[in-house]
Amino acid sequence: QPVTMLVANEKPNIKILMVSMALQGHINPTLNFAKRLISKGIHVTIATTEDGGNRMLKHTDKISSDSGIKLEFFSDGLSVDFDRSDTKTFLNTIQEKGPQNLSNLITNLTKNETFSCAIVNPFVPWAIDVVAEHEIPCALLWIQASTLYSIYYRYFKNNDLFPKLDVPNEKVQLPGLPVLEVKDLPSLLLPSSPLHYKELMAYFIKALDKVEWVLGASFLEIEEEIVKSMDSLTPIYPIGPLVSPFLLGEKETSNVSVDMWNAEDACIGWLDNKPNSSVIYISFGSLVVLSQTQMNNIVTALKNSNKNFLWVVKPANNGGYETKDAAYELPKEFLKETEGRGLVVKWCAQEKVLMHPAVACFLSHCGWNSTLETLITGVPVICWPSWLDQPTNAMLIENVFRNGVKVNYGEDGVASVKEIERCIREVMEGPNAGEIKKRAMEIKDSARKALEEDGSSSNNFNQFISELIVKNN
Ligand code: UDX
């Protein structure tokens, strides 16, 4: 029986448990996937860490009871007021205490219900062991580019492919990718990165043996060679772009969303009054905070460019992960000088912003959620990567997807004013701007096709559900 028929005809009595850390960049794809599952009549419980969960829920309506998604919490082992920017203590403690706490939660939940499957996020790799102990079949939701999955897998399984990683311009040749430089690799593989991040990924790769399905947030067409290169090793099945139903023009199956800060809706009205393709949207996601020098250079480049801009500058005390000279405020005279053509907000409904016709391009840190959101909306990108997967995503955008340009940093690790101006020109008016926009629109089209009936992502998704149904019977 064809897979799609099976899915359409059956009313699956399936309950799924999803496990994720309550970071914005992790919970968003988890929720988006949960929404897709409940649209098929599947019941979803999301288990997440209570600290982050509480922080996010303060800024949102409580998960509504009719949403079909249940939210459950477990402790990461630290007190509420512990400063989690001490990521070493945080990750070590959650790895030590999290498994028992999650296990207790599962014991409680399974008194009343049976889970057909658990879908675990790779950044809580120990959850794979916990669900295995409870004999729940496990799927992994890989929430970054499939390229990153391949890089981590190859790195931890076969170190030989990698040169010495302390030379930033050393060449790296990996299957399915253009020749990379060491600086294009995810930062946590580099010797400069604290060991605990690397250990987390090593744990995850080791735990993969207990995972029955690896589902990717990306889509096949943009990373085809990489995805195929993993088929003989440990296959990944992309089911994305995993973005909110809103970006796909679908009716929301649930009004659930969790935000770390309140989105300032006024920016949409502000965009309404701007000409089409005239605004640079600037945001660095939920974790990255710019240094004062970086911020000053963007300020000067924006002054000189004379373009409209909408800039998200997060408030201080955002829950950690800040650099010492982090900047939280823009100079007052700049705000005055650019009044009318510039708007600064603390947080926005990014999806609505990217869908807005006034937005010309996105100056982005290239977190994978933001990247997927640009791919599905056809918005060209100016890449300003910082750490984690972001340097690799920026390389993909500039060299593989070709829907954007990457700022080049100087020796001091900072992009100069001239370099920022060059990038703005390149995506907005230079000779390559048309080509970049054309690529962005082509990708938008193929991203949407991947999710249509018989598209690559729908087929992978339906295959997963039908295998669950078979397993369940
Ligand atoms: C983190 C990592 O930094 C990133 O590299 C990794 O790929 C995922 O986890 P984050 O830095 O928060 O994520 O970036 P990103 O993945 O882009 O996720 C941010 C999310 O917040 C996006 O879905 C975006 O739409 C949303 N957002 C951002 C808002 O809703 N409003 C804003 O003002 C800014």
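Above: the structure in question.
Here the structure is a predicted model, which means the values were calculated and not measured.

(A) Up close: the nonpolar core. Within the largest apolar cluster, 137 residues are counted, with the highest numbers of intra-cluster contacts made by Ile16, Val120, Leu215 and Ile382. In terms of residues, this core owes the most to one element, helix 16 (residues 433-451), which gives six residues.

(B) Region of interest: the site of the ligand. The immediate surroundings of the ligand are formed by 23 residues, with Gly25, Gly285, Ser286, Gly367 and Ser370 found nearest. When contributions to the shell around the ligand are tallied by element, the ones reaching two or more residues are helix 2 (24-38), helix 12 (350-355) and helix 13 (368-377). Looking at the shell around the ligand residue by residue, the classes come out as seven nonpolar, 13 polar and three charged.

(C) Summary view of the sheet that holds strand 14 (residues 381-383). Taken together, the six strands give an open sheet; going across it, the order is 12-11-10-13-14-15, and neighbouring strands pair in parallel fashion. A strand with exactly one partner marks an edge of an open sheet, and here the two such strands are strand 12 (342-345) and strand 15 (404-406). Here the average twist between neighbouring strands, direction ignored, is 15°. By the bridge criterion, four bridges tie strand 10 (residues 279-283) to strand 11 (residues 308-312) in an arrangement that is parallel. Among the inter-strand pairings, Ile280 is bridged to a residue of strand 11, identified as Phe309.

(D) Up close: the sheet that holds strand 4 (residues 117-120). Taken in spatial order, the seven strands of this open sheet run 3-2-1-4-5-8-9, and their pairing is parallel. In this open sheet, the two strands that pair with only one neighbour each are strand 3 (69-74) and strand 9 (237-238). Where strand 4 lies against strand 5 (residues 138-142), three bridges are found, and the strand directions are parallel. Bridging from a neighbouring strand, Ala118 pairs with Cys138 of strand 5. Taken strand by strand, helix 3 (residues 50-57) contacts strand 2 (43-49) and strand 3, and its axis lies near 105° from that of strand 2.

(E) Region of interest: helix 3. Burial in helix 3 covers these residues: Asp51, Gly52, Gly53 and Met56. Where helix 3 is buried, its residues contact helix 2, strand 2 and strand 3.

What counts and how
Residues numbered from 1 in each chain as written. Predicted model: local features only at pLDDT ≥ 70, side-chain atom pairs only at ≥ 80, totals over all residues. Core = buried A, V, L, I, M, F, W, Y, C linked by C-beta atoms within 7 Å. Buried ≥ 20, exposed ≤ 12 C-beta atoms within 10 Å, placed from the backbone. Helix = DSSP H or I, 4+ residues; strand = E, 2+ residues; numbered from the N terminus. Near = placed C-beta within 6 Å. Nonpolar A, V, L, I, M, F, W, Y, C, P; charged D, E, K, R; others polar. Pairing = 2+ DSSP bridges. Axes fitted to C-alpha atoms, helices over the stretch in contact; angles between N-to-C directions. Contact = placed C-beta atoms within 7 Å.

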